[in-house]
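In case you want the letters, here they are:
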Amino acid sequence: MNIKDVISPSSLFKAIPLLLLIVAVFNSYYIVIEGHVGVVKRFGEAKDQQNPGLHFKIPFIETVEVIEVRTRKNAEKMASSTKEQMPVTIEVSVNWTVNKEAALDLFKSYGGLSQFEQRILDPRFRSATKDTIPQFEAEQLIQDRASAIQGIERRLSEEMASFPVVVDNIQIENIILPQKYINSIEIKQTEKNLAAAEEHKLERQRLEALRAVNTADAKAKGILKIAEAEAQSILLRGKAEAQAIEAKAKALKNNPLIVTLTEAQAWDGKLPTTMMGEGVMPIMDIRETNSTKGN
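Parameters at a glance
Every chain is numbered independently, its residues counted from 1 as its sequence is written. Residue-level local features of this predicted model are given only where pLDDT is at least 70; pairs of side-chain atoms are given and counted only at 80 or more, and the full residue set underlies all totals for whole chains, interfaces and linings. Side-chain metrics in this entry use all non-hydrogen atoms of the structure; hydrogen atoms and water are not considered. Aromatic contacts are taken between Phe, Tyr and Trp rings whose centres are within 6.5 Å, Trp giving its six-membered ring; a plane angle under 30 degrees counts as stacked, one over 60 as edge-to-face, and the others as tilted. Per-residue accessibility, obtained with a 1.4 Å probe over protein chains only, is compared with the maximum for each type, and a residue is labelled buried under 20%, exposed over 50%, and partly exposed between these values. Helical segments are the DSSP runs of H or I of at least four residues, strand segments are the runs of E of at least two, and each set is numbered from the N terminus. Two strands qualify as a pair provided that DSSP identifies no fewer than 2 bridges between them. Axis lines are fitted through C-alpha atoms, for helices just across the contact stretch, and the angle between N-to-C directions can take any value from 0 to 180 degrees. Here, nonpolar core refers to any group of buried Ala, Val, Leu, Ile, Met, Phe, Trp, Tyr and Cys residues whose side-chain atoms link them within 4.5 Å. The contact criterion used is simple: two residues touch if any of their non-hydrogen atoms lie within 4.5 Å. The salt bridge definition used is simple: a Lys or Arg side-chain nitrogen within 4 Å of an Asp or Glu carboxyl oxygen. Expected helix span is computed as 1.5 Å times (number of residues minus one). Note: the arc covers the axis-to-C-beta directions of the helix.

Draft legend 1. Looking closely at the packing of aromatic side chains. Counting across every chain of the model gives four aromatic pairs. Ring centres 5.2 Å apart and planes at 70 degrees place the aromatic pair Tyr110 and Phe116 in the edge-to-face group. Residue Tyr110 is classed as buried on the basis of its relative accessible area, which comes to 17%. With a centroid separation of 6.3 Å and 55 degrees between ring planes, the pair formed by Tyr110 and Phe163 is classed as tilted. Within this pair, whereas Tyr110 is found in helix H3 (residues 103–110), its partner Phe163 is found in the loop between helix H6 (145–159) and strand E8 (165–176), the two being separated by 53 residues in sequence. On the accessibility criterion, Phe163 (13% relative accessible area) is buried. Aromatic ring contacts, followed pair by pair, group Trp96, Tyr110, Phe116 and Phe163 into a single cluster.

Here it is, written out as structure tokens:
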């Protein structure tokens, strides 16, 4: 069989409706993935928006434009100058999100995300950055990057308030300054670090000296307390001895026999073997005296 007989104009004409039906079937549905919305266009005019999922449309008449409603990130690298007119290159980024309920309006007004970025977001982002950076000196820009970020975010939020997007999380990714200035900053920082280290060393020495003084003072006070205690003890002991001597002297004065009694108590019972001169015995026999008094 000749192939020309199989693929004849009449057979092709009969197959066209079947082919159109197959194409229509595959063109009658669409799927919107998560994080996006589908804008349905009828003959190019935006009519409706659909949430994620499976949907159906009129073949050959309706088409679908998918718009991302997840957070997007735009980055810019631009030249600017600091407050002291020093040239600086800033690399900044911004996160922004399309308001899901307003995706259809955004598409009608700007024709899609790329058009919105090019015509609205990027120019205002660059303007906000270039207006904010000159308010800071180079050193402040390096040390206090957060303040510059807040300034850019505040200015951009004001510029984008009337648009159906949310702008947040602006970051200064990099700050490129002239190399001479970077070298001077490094030298200055090194000097600050050395000065801080020396100040710390002096403070430590001062604390050690103060600790030594306090220790010596505490020892001196301790010695003084001991000396005062000893002096007080001696004084009290002396007073006690003086009072005892005074009491003893008064007792001897009022009763002379106590002297004799004390001598008798101290006598060992032996009479002296040698007498010097004439005189009476130094020891009186108290028993004789008592017996005589009794007679």
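Draft legend 2. Structural detail: the sheet that holds strand E7 (residues 87–98). Sheet architecture is open: three strands sit in the order E6-E7-E8, paired in antiparallel fashion. Of all the strands in the sheet, the pair left with one neighbour each is strand E6 (72–81) and E8. Averaged over all adjacent pairs, the angle separating strand axes in this sheet is 25 degrees, with direction ignored. Alignment of E6 against E7, held across 10 bridges, turns out to be antiparallel. Across the sheet, residue Ala79 finds its bridge partner in E7, namely Thr89.

Draft legend 3. Geometry of the nonpolar core. Membership of the largest hydrophobic core comes to 41 residues, with the highest contact counts inside it found for Phe116, Met160 and Val165. Counting residues per element, the ones that place at least two in this core are strand E2 (36–42), E7, H3, helix H4 (113–132), helix H5 (138–143), H6 and E8. Leave out the neighbours within four places in its chain, and Met160 touches Phe116, Ile120, Leu121, Arg124, Val165 and Val167.

Draft legend 4. The arrangement of the pattern of salt bridges in detail. A full pass over the atoms with the stated rule returns 13 salt bridges. Across the salt bridge formed by Lys77 and Glu91, the nearest N and O atoms sit 3.7 Å from each other. One end of the pair, Lys77, is in strand E6; the other, Glu91, is in strand E7, with 14 residues separating them in the sequence. Taking relative accessible area as the criterion, Lys77 reaches 56% and is therefore assigned exposed.

Draft legend 5. View of H6. For H6, with 15 residues, the first-to-last C-alpha span of 21 Å sits near the 21 Å given by 1.5 Å per residue. Those residues of H6 lying buried are Ala148, Ile149, Gly151, Ile152 and Leu156. The arc enclosing the buried residues of H6, seen along the axis, measures out at 160 degrees, which places them on a common side. Opposite its buried face, H6 presents the exposed residues Arg154 and Glu158, each directed more than 90 degrees away. Next to the buried residues of H6 lie E7, H4, H5 and E8.

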